[in-house]
Amino acid sequence: MIYADNAATTKMSETAINAMLPYMNEIYGNPSSLYSFGQQAKEELEKARTRVAACLGCDPKEITFTSGGSEADNQAIFTAAKYGERKGKKHIISTAFEHHAVLHTLERLKKQGFEITLLDVHKNGVIDPSQVAEAIREDTCLVTIMYANNEIGTIQPIEEIGKICREKNVLFHTDAVQAAGHLHINVKEQNIDMLSLSAHKFHGPKGIGVLYAKRGIILDTLINGGAQERGKRAGTENLPAIMGMAAALEEACAGIDNYSEKLTALRDRLIEGLDKIPYGELNGDREKRLPGNVNFCFEGIEGESLLLLLDDKGICASSGSACTSGSLDPSHVLLAIGRPHEVAHGSLRLTIGEDTTEEDIDYMIEAVTEVVTYLRNMSPFWRDLTTGKRTHVFAK
């Protein structure tokens, strides 16, 4: 089997697994307990917070543990909204191709009287900082723009956007779920006020994540109950998962340069191979993208059929984000960069990892080429394209 869906989730590393084990059967006390066994767990919890903070370039007190990226996104956005509302500012800026954890939260705020501006995305999938500068108004309370897109892998100019927000005195949040552990991040240097991440995207456990919030930002409480996480996120801390996340993030950040060099070479080899398939095109910028992300659209096919046939050939892939893979609707990300519906339906996302080999890349190129050809030969839509009854979208 070739696993090429690392953007959906990653295999847990041995480092993360080994880091978790002692906190399941040895140091398993409740960190909120006053007796020494519980306080030992509390001490380990704070050590993990310090380790995560070091990876992001922030203070440990600016780290809040969550259940993952979606919760962190929600808490960050609702926090900024409440902060803005108190000052009479109810305008939020984002983009049309954010993760649904952001978009659906913004839809909820819209129903509460907030005005939402979704910036148009260029064909290359990269936001221009000038778009942000032009959209900011006197009543803007938040700009939330993802660090790297979860479908097409394009990397945004986060530092420049953050600088604009800082100059305009507007809070800046970034969903860094796809970026953390894969790209160098320093929240202070990059002018980031709030940042979300999720452990299972960098070989940590599922169900655990982080919200970084700059000192002075008082988080809005989503989950009420106990006084955990400084009273801003109730519930007994998942200490094993937290320890696994800290270990996985440290390991990932330490190996970013080597990881990036290897995956970029493999990614480019895969892009070059798939680019030879007629009437197919890469989605997103060729260079400003995550090292392991390849996303193509092919005319004349349906993405679901493509995935099922690739599965038969032992390749795990997706046609979009894991959160929407069960939907028959075309990807909102691809529509946002200007792909028409009939082309967006024929998308393929391959996200490779450290275990991927050159042999795997060559096999994927061969398999995708065969399956695309097979599906087109059965497609009435493709027949219309080849006979001139319909017009090709792509030029080759």
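In short, a report on the structure. Since this is a predicted model, take the numbers as computed values, not measurements.

Reading the values: rules and limits
- Residues numbered from 1 in each chain as written.
- Predicted model: local features only at pLDDT ≥ 70, side-chain atom pairs only at ≥ 80, totals over all residues.
- Heavy atoms only, no water.
- Helix = DSSP H or I, 4+ residues; strand = E, 2+ residues; numbered from the N terminus.
- Buried < 20%, exposed > 50% of the residue type's maximum accessible area, 1.4 Å probe, protein only.
- Contact = heavy atoms within 4.5 Å.
- Areas by Shrake-Rupley, 256 points an atom, 1.4 Å probe, with all protein chains shown as cover.
- Lys, Arg positive; Asp, Glu negative; His and termini not counted.
- Charge placed at Lys NZ, Arg CZ, Asp CG, Glu CD.
- Phe/Tyr/Trp six-rings, centres within 6.5 Å; stacked < 30°, edge-to-face > 60°.
- Lys NZ or Arg CZ within 6 Å of the ring centre and 35° of its normal.
- Core = buried A, V, L, I, M, F, W, Y, C linked by side-chain atoms within 4.5 Å.
- Axes fitted to C-alpha atoms, helices over the stretch in contact; angles between N-to-C directions.
- Parallel < 35°, antiparallel > 145°, perpendicular 65-115°, else oblique.
- Left-handed = near helix turned anticlockwise from the far one by under 90°.
- Nonpolar A, V, L, I, M, F, W, Y, C, P; charged D, E, K, R; others polar.
- Pairing = 2+ DSSP bridges.

Summing up its helical and strand segments, the protein chain has 14 helices and 12 strands in all. The principal-axis extents of the C-alpha atoms in the protein chain amount to approximately 75 × 50 × 35 Å. Counting the 396 residues in the protein chain, one finds 56% classified as buried. A fraction of 73% describes how many contacts in the protein chain between residues 6 or more apart in sequence connect residues 24 or more apart. Of the roughly 17,000 Å² that the protein chain leaves accessible, carbon and sulfur atoms contribute 51%. Placing the 42 positive and 55 negative side-chain charges of the protein chain at their respective mean positions leaves the two points 5 Å apart.

Our next topic: the packing of aromatic side chains. Throughout the structure, instances matching the rule amount to three aromatic pairs. Ring geometry for Y28 against F37: centres 5.0 Å apart, planes inclined by 80°, an arrangement best described as edge-to-face. Accessibility expressed as a relative area gives 28% for F37, which makes it partly exposed. Judged by centre distance (5.9 Å) and plane angle (70°), the rings of Y279 and W382 are edge-to-face. Residue Y279 is found in the loop between helix 9 (256-274) and strand 9 (280-282), and its partner W382 is found in helix 14 (residues 380-387); the two are separated by 103 residues along the sequence. Residue Y279 is classed as partly exposed on the basis of its relative accessible area, which comes to 23%. Looking at K90, its charged tip hangs above the ring of F114, at a distance of 4.9 Å from the centre. The ring of W382 has R376 lying over it, and the distance from NZ or CZ to the ring centre is 4.1 Å.

For M194, the location among the structural elements is in strand 7 (residues 194-198). Between the alpha carbons of M194 and E281 there is a distance of 35 Å; along the sequence they are 87 residues apart. When residues no more than four places from it in sequence are discounted, the contact partners of M194 are A76, A80, L142, L171, F172, H173, T174, L211, Y212, A213 and I217.

Attention now goes to the nonpolar core. A general feature of soluble globular proteins is that nonpolar side chains tend to end up buried together. Counting residues in each nonpolar core, the largest one holds 64 residues, and the members touching the most others are I63, V132, V143, I185, L195 and F202. Per element, the largest residue contribution to this core is nine residues, and it comes from helix 8 (residues 239-254). Counting residues in hydrophobic clusters, the runner-up holds 30 residues, among them L263, V294, L306 and V372.

What follows is about the environment of M24. Tracing the backbone through its elements, the reader meets M24 in helix 2 (residues 22-25). Among the residues examined, M24 registers a relative accessible area of 48% and is labelled partly exposed. Linking M24 and T64, residues 40 residues apart in sequence, is a C-alpha distance of 21 Å.

Across the interface, helix 9 lies against helix 13 (residues 358-378) with an axial gap of 9 Å and an inter-helix angle of 20°. Between helix 9 and helix 13, the crossing angle belongs to the class labelled roughly parallel. Crossing hand, helix 9 versus helix 13: right-handed. Only E358, I361, D362, M364, I365 and V368 of helix 13 make contact with helix 9, whose side of the interface consists of L266, R269, L270, G273 and L274. Of the residues contributing to the contact of helix 9 with helix 13, the split by class is seven nonpolar, one polar and three charged.

Attention now goes to the sheet that holds strand 9. Judged by pairing direction, the sheet is antiparallel, and its three strands sit side by side in the order 9-10-12 without closing on themselves. Each edge of the sheet is formed by a strand with only one pairing partner; in this case those strands are strand 9 and strand 12 (347-351). Across the sheet, the mean angle separating the axes of adjacent strands is 20° when strand polarity is ignored. Pairing between strand 10 (residues 293-298) and strand 12: five bridges, direction antiparallel. By the bridge assignment for strand 12, C297 is matched with S347. Its contacts with the sheet place helix 9 against strand 9, strand 10 and strand 12, and it is angled at close to 10° to strand 10. In the packing of helix 10 (residues 303-312) onto the sheet, the strands contacted are strand 10 and strand 12, and the crossing angle to strand 12 comes to about 40°.

What is shown is where atoms sit, not what they do.
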